[in-house]
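Chain by chain, the residues:
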Amino acid sequence: MRFAVRAAIALVVLAVLAGGAYAAYWFAAANKMQSALAEWAAAPGPGTTVTMGDVTVSGFPTQLIATVPHIEVARSGDALGLGYSADDVRLARPLQGGNIVVSVRGAQSVRYRDGTVARALSVKTDSTTLEVRTGDDGSFSGFGLVLAGLALERPDLAPLTMRRMLLQMTKGSGLGTFVPERTRFTLRIDNFVMPEYRRGPLGDTIELVSTNAVVNKGIDS
């Protein structure tokens, strides 16, 4: 009887220790994800600035899910004055690594300069999902962007709408530091409505736009 009791206690202790070690591993990975996002926001690249709200990480025990309440990305010195902002952004990936899925559940906007006039486009979607894909070695291999129920509200014009837009990129293996040779792009837009052409001979709706392209010469910048 004593042996059985001791064995049971030993198993419980081992289970507690294993659970504690796994929890410590998860929290270390969560802290690393927070740090990586903070480092990117501090130095996103030449001519780009990022402002980001406090990041929280959840998803224990099998996922890492980073939630960003608000983010703004702007290009400095850009002739178009391009900028993007979004609320309630979520980045999720498996704990052991793999593809990252970015979804935007709040408001989005795109800013630009029309001559000397600053303008903004309000972007509304039923869902916005970006999958950043990685290869076996963990390096970037491509992405897939899906926008469902898109409405693009423009200054002085009725909104442009799309039922669904799919844009995919598969990174090639040739020369080119920015876009390598043999990189493939696929674009598909369903039910694209442009209200200003309602009275035109072809109407205001394009039921399907589909494009497939391959980069034959690499792009370095």
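Residues numbered from 1 in each chain as written. Predicted model: local features only at pLDDT ≥ 70, side-chain atom pairs only at ≥ 80, totals over all residues. Heavy atoms only, no water.

Looking at the largest pocket, its volume works out to about 1,500 Å³. Lining the largest pocket are 36 residues, and of these Trp40, Val73, Tyr84, Leu130 and Val132 lie nearest its centre. Counted by class, the lining of the largest pocket contains 29 nonpolar, five polar and two charged residues. Of the voids in this model, the second largest pocket is the one considered here, and its volume is about 240 Å³. Surrounding the second largest pocket, Ala29, Lys32, Met33, Ala36, Leu37, Trp40, Leu91, Arg93 and Ile100 form its lining. When contributions to the lining of the second largest pocket are tallied by element, the ones reaching two or more residues are helix H1 (2–42) and strand S4 (83–94). The element that contributes the greatest number of residues to the lining of the second largest pocket is H1, accounting for six residues. The class makeup of the residues in the lining of the second largest pocket is seven nonpolar, no polar and two charged. (1 Å grid on protein atoms, 1.4 Å probe; cavity = no way out; pocket = protein on both sides within 12 Å on 5 of 7 lines; lining within 4 Å. Points joined across faces, edges and corners; volume = space filled by probe spheres on them. Nonpolar A, V, L, I, M, F, W, Y, C, P; charged D, E, K, R; others polar. Helix = DSSP H or I, 4+ residues; strand = E, 2+ residues; numbered from the N terminus.)

It is worth spelling out the environment of Ser103 at this point. Mapped onto the secondary structure, Ser103 falls in strand S5 (residues 100–104). A relative accessible area of 15% places Ser103 in the buried class. (Buried < 20%, exposed > 50% of the residue type's maximum accessible area, 1.4 Å probe, protein only.)

Mean pLDDT over the protein stands at 88; residues scoring 70 or higher make up 91%. Looking across the protein, the model is least confident in H1, with a mean pLDDT of 75, and most confident in strand S11 (residues 184–193), with 97. (pLDDT = per-residue confidence, 0-100.)

Core analysis: the largest hydrophobic core is formed by 19 residues, its most contacted members being Val57, Leu64, Ala66, Val89 and Leu91. Those residues in contact with Ala66 that lie beyond four places of it in its chain are Met33, Leu37, Val55, Thr56, Val57, Val89, Arg90 and Leu91. By size, the runner-up hydrophobic cluster in this structure holds nine residues, among which are Val123, Leu160, Met165 and Met194. (Core = buried A, V, L, I, M, F, W, Y, C linked by side-chain atoms within 4.5 Å. Contact = heavy atoms within 4.5 Å.)

Cis geometry is adopted by the peptide bond preceding Pro61, which originates at Phe60 and carries an omega value of 15°. You can see Pro61 is positioned in the loop between strand S2 (56–58) and strand S3 (63–75). With a phi angle near 65°, Asp156 is a residue other than glycine that sits in the positive phi range. Position of Asp156 among the secondary structure elements: in the loop between strand S9 (140–154) and strand S10 (157–170). One non-glycine residue, Arg182, adopts positive backbone phi at about 70°. Positionally, Arg182 belongs in the loop between S10 and S11. The exposure class of Arg182 is partly exposed, given its relative accessible area of 48%.

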